[in-house]
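Below, each chain spelled out in residue letters.
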Amino acid sequence: MEKVDQLDRQADKQGWGNAQAPTADRSRSAMNDRSAQLNQRYRRNKARRQILAEQLYGASQYQLMRVKFKKHRVAMLSLYLLGIFYFVAIFAEFMVPYTTTQRFEEAIYASPTQIHLFDAEGKLTTPFFYSSKSKIDTATFRYEPVIDDAATVNRIQFFAQGEPYKVLGIIPLNRRLYAVEGEQPLFLLGADQLGRDLLSRIIYASRVSLFVGFGGVIISFFLGILLGGISGFAGGVVDVVIQRLIELLMSIPQIPLWLALSAAIPTEWTGIQTYFAITLVLSLVGWTGLARVVRGKILSLREEDYVTAARISSASNMAIIFRHLLPGITSYLVVHVTISIPYMILGETTLSFLGLGIRAPDVSWGTLLQQAQDVVVITNYPWLLLPAVFVVAAVILFNFIGDGLRDAADPYAR
Amino acid sequence: MLNFILRRSLILIPFLFLISIISFTVIQLPPGTYVDTYVNNLKLQGGTVSEEQKASIEAMYGLDKPMAVQYGLWITNIILRGNFGNSFRYNRPVTDILQERIPRTVSISLVSIFLTWLIAVPLGILSAVKQYSFWDHLFTFISLLGLAVPGFLLALILMYAVYAQTGWMISGLFSPEFRSEPWSVAKFTDMLKNIWLPLLVLSITGVAGIIRVLRASLLDELNKQYVTTARAKGLSEWQLILQYPIRIAINPLISTLGWMLPAVVGGEIVISKVLNLPTTGPVLLEATTAQDMYLAGGIVMILSLLTVIGTFISDILLAVNDPRIRMN
């Protein structure tokens, strides 16, 4: 990049486009100015492009992909945002003040706490909120927050000390991102029917929901590559059988099958066991798409000269598939994985929403949405729908990244 | 053509067999036999089962015999007598429940597929013809939302919006006063008041995919020479598009039936739970949570059979429409 700047400076020195030639006609001189500017910009860009092209001349496919992907602004932004999601999920204990099961009996269906920055005299202070209690309104049977008359001020402390805990079960810490002095709980996104903090629950739930994708994708990735690879490479009867199997799995409605399969998960299993069973269920039906992609690519690649060369030097079939054919389609695999993770997330959410996935006391975005099944409840306490925002955001971000990767991986894209 | 249909039907037979195997596996999956679950369930309700009753149930399903015999018994009962076994949750033959619920699921699915096309085809044409216009970007955005928002969520949000705005609670197919009435105009209009929401939700989730497919295939066609020729001959732009490229670009849509059917049927099951529709969804859910497996297996089997047959029909339609495929 230094070279480009150097060229730019050179261009300025040589006076490209410094059109100051006196002309009688004002409009004409304005036009000259403009054309000179354009000319200058064109030359600069051309120089920049040339240098970039020289740098990329010997670049590997991955360097090319990275450069192209970085140019995709939406995808880059999505990557950063999703990174934040995962960061928060991993360090959930630090991020939120409460655990998933901590109840506040006087805060049933408490609405999101109103945070104040200005005190009664209108002076800027550290963020605080007034104490309130949830009381049922006898006319509407709705829980309403009631602020006490002698409103006590509760200050929010950042990096406050509290109960000791272990980050990821390893690093002992006792500070949290924020906490409140005193007994009054703070609900940034409101509380549920048992008076539990929704934000804390959403963030703990994101652990399950965001990572369920990976387990499932790894399994279906393995199945997809193996069966797709064999199908494309072997051809003949094996190919026909695997293709028919894929066709069958694709034409069976997945959701009834998921439901029926998840009924087989014994109720006495722990959260972690259920979690793995769910990923297994999701991936058993999810590998077909990848297998098709792999087969198609392998079919077109196996006629290449370098494969014949490998075969002549008596490489085994597996070696040809894994050493010579798969590296050629890795970029497609990466794209496919990125696009299939959000479907896993949606699948888990749907299963848990229907009560057949993750079970209480473990939480996922789907189980949180279970509380929002009743329209009357949503109408009274609309914040219970907030977990949905996180689901949709995660899925859209993954899709944007997938689009960016697809464009970057396609050697024929502009 | 006949040859093609024959070849496809031959593939269909092992498919049907495999589906029956999968459904039977579903029935066998939960720990314990049917009798155990049945007895447990009765005990929970405070009833008891005598040894003779137990023995008669065991004999009926052949529970003391090897798995293959059990499967044989189960499948011959279905094929010869249309008997899917009994549901203890509902205390009725499974066949009864299937007859009542399956037609509703099927008709809702078919109508919403039709609606999907009705919405998606004009939008797809518009986004291809006016590529990179405001509309194109808008539809792409809506498609993305359609992909990202799960159906049950969309149903919940729409239900909430309707209830908050008008106080009308959409639940089930009919208002209580019409539920046991025979069909009449009043009952039909009452149904329309409720049914538009599930239909809309199901169509929107499918629209996204169709728009993408149609847009891509139409964009491919628009650059071909015959389009230029037709334009050069002075055909008006709309007449040109509707008469030639559309007819070719619409072909891939027929094959989308293959993936739309399973998706819509699955979506219907989830949505019917949220909207409390009297279709297969709530029954299947209840059957799986209560481990009423003959019912669950029966539903899985019938729905899978129907979608596989639907895919088969779409394959034939495609072959009728496209000579390249039937000549193969």
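Conventions adopted
- Residues numbered from 1 in each chain as written.
- Chains lettered and ligands numbered in written order.
- Predicted model: local features only at pLDDT ≥ 70, side-chain atom pairs only at ≥ 80, totals over all residues.
- Helix = DSSP H or I, 4+ residues; strand = E, 2+ residues; numbered from the N terminus.
- Buried ≥ 20, exposed ≤ 12 C-beta atoms within 10 Å, placed from the backbone.
- Contact = placed C-beta atoms within 7 Å.
- Nonpolar A, V, L, I, M, F, W, Y, C, P; charged D, E, K, R; others polar.
- Pairing = 2+ DSSP bridges.
- Axes fitted to C-alpha atoms, helices over the stretch in contact; angles between N-to-C directions.
- Parallel < 35°, antiparallel > 145°, perpendicular 65-115°, else oblique.
- Left-handed = near helix turned anticlockwise from the far one by under 90°.
- Core = buried A, V, L, I, M, F, W, Y, C linked by C-beta atoms within 7 Å.
- pLDDT = per-residue confidence, 0-100.

Participant: How should the overall build of chain B be read in this particular structure?
Facilitator: Secondary structure summary: chain B contains 15 helices and two strands in total. Taken along its principal axes, the extent of the C-alpha atoms in chain B is 85 × 55 × 35 Å. In chain B, which comprises 328 residues, the share counted as buried stands at 34%. Once local pairs closer than 6 in sequence are excluded, the contacts in chain B between residues at least 24 apart make up 71%.

Participant: Would you explain the overall build of chain A in this entry?
Facilitator: A count of helices and strands for chain A gives 15 helices and six strands. Taken along the three principal axes of its C-alpha coordinates, chain A extends 80 × 75 × 45 Å. Residues classed as buried in chain A amount to 33% of the 414 residues present. Taking the intrachain contacts of chain A between residues at least 6 apart in sequence as the baseline, contacts between residues at least 24 apart amount to 69%.

Participant: When you look at the interface of chain B and chain A in this model, what are you seeing that I'm missing?
Facilitator: Buried accessible area, meaning the area lost when the parts come together, often serves as the stated size of an interface. Listed by partner, the interface residues are 43 residues for chain B and 32 residues for chain A. Residue contributions to the side of chain B that touches chain A peak at nine residues, all from helix α12 (residues 251-275) of chain B. The residue inventory of the side of chain B that touches chain A, partitioned by class, reads 34 nonpolar, eight polar and one charged.

Participant: How should I be thinking about the environment of Phe69 of chain A in this particular structure?
Facilitator: Tracing the sequence through the fold places Phe69 of chain A in helix α3 (residues 61-71). Along the chain, Phe69 of chain A and Thr379 of chain A lie 310 residues apart, while their C-alpha atoms are 43 Å from each other.

Participant: Explain the sheet that holds strand β2 (residues 124-130) of chain A to me, please; I cannot follow it from the model alone.
Facilitator: In a beta sheet, neighbouring strands pair by backbone hydrogen bonds and run either parallel or antiparallel. All names here are of chain A. Read from one edge of the open sheet, four strands run β1-β2-β5-β6, paired in antiparallel fashion. In the strand order of this sheet, the two ends are held by β1 (116-118) and β6 (171-180), each with one partner. The sheet shows a mean angle of 45° between the axes of neighbouring strands, taken without regard to direction. Sheet analysis places β1 next to β2, joined by two bridges and oriented antiparallel. Considered in β2, the bridge of His116 is made with Phe128.

Participant: Even after reading the chapter, I still don't get the packing of helix α5 (residues 94-129) of chain B against helix α6 (residues 134-148) of chain B, so can you show me in this structure?
Facilitator: Residues and elements named next belong to chain B. It is the contact of α5 with α6, at a shortest axis distance of 8 Å, that shows an interaxial angle of 130°. Classed by the angle they form, the pair α5 and α6 counts as oblique. Here α5 runs over α6; the crossing is left-handed. Residues Leu123, Leu126 and Ser127 of α5 touch α6, and the partners they reach there are Trp135, Asp136 and Phe139. Classifying every residue of the contact of α5 with α6 by side-chain character gives four nonpolar, one polar and one charged.

Participant: Looking at this structure, how should I read the nonpolar core?
Facilitator: Soluble, globular proteins show a tendency: their nonpolar side chains are buried together. Counting 143 residues, the largest nonpolar core has Ala155, Ala296 and Ile299 of chain B as the members making the most contacts within it. It is helix α6 (residues 198-234) of chain A that provides the largest number of residues to this core, a total of 16 residues. With residues up to four places along the chain from it excluded, the contact list for Ile299 of chain B reads Pro256 of chain A together with Leu98, Thr280, Val283, Leu284 and Ala287 of chain B.

Participant: Honestly, unusual backbone geometry in this entry has me stumped. Any pointers?
Facilitator: Negative phi is the rule for most residues except glycine; trans is the rule for most peptide bonds. The phi dihedral of Ser314 of chain A is positive, around 50°, even though this residue is not glycine. Tracing the sequence through the fold places Ser314 of chain A in the loop between α11 (305-312) and α12 (317-353). Residue classification places Ser314 of chain A among the exposed positions, given that 7 C-beta atoms sit within 10 Å. Of note, the phi angle at Asn276 of chain B is positive, near 60°, even though the residue is not glycine.

Participant: Would you mind going over the pairing of strand β5 (residues 153-167) of chain A with me for this structure?
Facilitator: Consecutive residues of a regular strand have side chains that alternate between opposite faces of the sheet. All names here are of chain A. In terms of strand pairing, β2 meets β5 through three bridges, oriented antiparallel. Across the sheet, residue Phe128 finds its bridge partner in β5, namely Arg155. Bridge count for β5 against β6 is eight bridges, and the pairing is antiparallel. When the sheet's bridge partners are listed, Lys166 is paired in β6 with Pro172.

Participant: Could you clarify how one ought to interpret the packing of α6 of chain A against helix α10 (residues 288-301) of chain A in this entry?
Facilitator: Residue and element names in this part refer to chain A. Relative orientation of the contacting elements α6 and α10 amounts to 35°, with a least axis distance of 7 Å. Judged by the sense of rotation from one axis to the other, the crossing of α6 with α10 is right-handed. The segment α6 lies against α10, with Ser220, Phe221, Gly224, Ile225, Leu227, Gly228, Gly229, Ser231, Gly232 and Phe233 engaging Leu290, Ala291, Arg292, Val293, Val294, Arg295, Ile298 and Leu299. Partitioned by chemical class, the residues of the contact of α6 with α10 number 10 nonpolar, six polar and two charged.

Participant: Just checking my understanding: could you explain the confidence of the model for chain A for this structure?
Facilitator: As a note on interpretation, predicted positions should not be read in detail where pLDDT is low. Residue and element names in this part refer to chain A. For chain A, per-residue confidence averages 80 on the pLDDT scale, and 91% of positions sit at 70 or higher. Within chain A, the lowest mean pLDDT, 53, falls on helix α1 (residues 2-14), and the highest, 91, falls on helix α4 (residues 73-90). Across residues 15-21, confidence stays below pLDDT 50; counting only partners more than four residues off in sequence or on other chains, it has 11 contacts.

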